[in-house]
Amino acid sequence: MKHLTYADKSLLVGDDVADMMLTYSARLASANVADTVEVHAISSDGDEVTATFLLGEGAPLMAETTTSKLPEPDNSAALEHMTDRLARLTPTAVEADADADAERAELDDLYNES
C-alpha cells in the first residue's frame, strides 16, 4: 500500500495503482493532455472511498510507502484504463532522446570492442 497524496489530501491505494498513476500523469503532462482516473481508496479516517483524480500537467501527485497491513482496494478497472490510454500516447521527446542515446552507446561499445 502507498499513501497517494494529491494537493493536501492523502489516500491509501495499492502499490500498482499508485505507481501507474505517477507514470501516467507524467506521460500526460509531457503530451500536454489530461485525463481523469477514478480509483478505490481508503481515506485517512479508514473509510473506503472512490476518488476521481485529474491527471496531467501541474497535477500535484505524490506516492509514499506505508507499513499498512490493510488489504489493497481493487483498482483493476483503473489500472486497465491507464494502461490502455498509456499505450495510445506517443513516446515523448525525452524518451526518444533516451532511446537514441542508448543506441549510440551500444554502437560505441561495439566500435570500441574491435
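Just so it is clear, the structure is predicted and the values come from calculations on it, not from any experiment.

Looking at helix α2 (residues 76-88)
The terminal C-alpha atoms of α2 lie 19 Å apart, and with 13 residues this matches the ideal 18 Å at 1.5 Å per residue to within 8%. Taken together, the buried positions of α2 are occupied by Ala78, Met82 and Leu86. Taken around the axis of α2, the buried residues stretch over an arc of 60°, which confines them to a single face. Those residues of α2 that are exposed and aimed more than 90 degrees away from the buried face are Ala77, Glu80, Ala87 and Arg88.

Topic: helix α1 (residues 15-30)
For α1, built from 16 residues, the straight-helix expectation of 22 Å at 1.5 Å per residue is met to within 8% by its first-to-last C-alpha distance of 23 Å. Every buried residue of α1 is listed here: Val17, Ala18, Met20, Met21, Tyr24, Ser25, Arg27 and Leu28.

Looking at the pattern of salt bridges
If you walk through the whole model with that rule in mind, you get two salt bridges. With a shortest N-O distance of 2.6 Å, aspartate 19 and lysine 2 are connected by a salt bridge. Note that aspartate 19 is positioned in helix α1 and lysine 2 in strand β1 (residues 2-6), a separation of 17 residues in sequence. A relative accessible area of 34% places aspartate 19 in the partly exposed class. Given a relative accessible area of 14%, lysine 2 falls into the buried group. One salt bridge connects aspartate 35 with arginine 85, and the closest N-O pair in it is separated by 3.5 Å. Of this pair, aspartate 35 sits in strand β3 (residues 34-42) while arginine 85 is found in helix α2, placing the two residues 50 residues apart along the sequence.

Rules used throughout
Residues numbered from 1 in each chain as written. Predicted model: local features only at pLDDT ≥ 70, side-chain atom pairs only at ≥ 80, totals over all residues. Heavy atoms only, no water. Helix = DSSP H or I, 4+ residues; strand = E, 2+ residues; numbered from the N terminus. Expected span 1.5 Å × (residues − 1). Buried < 20%, exposed > 50% of the residue type's maximum accessible area, 1.4 Å probe, protein only. Arc of directions from axis to C-beta. Salt bridge = Lys/Arg side-chain N within 4 Å of Asp/Glu carboxyl O.

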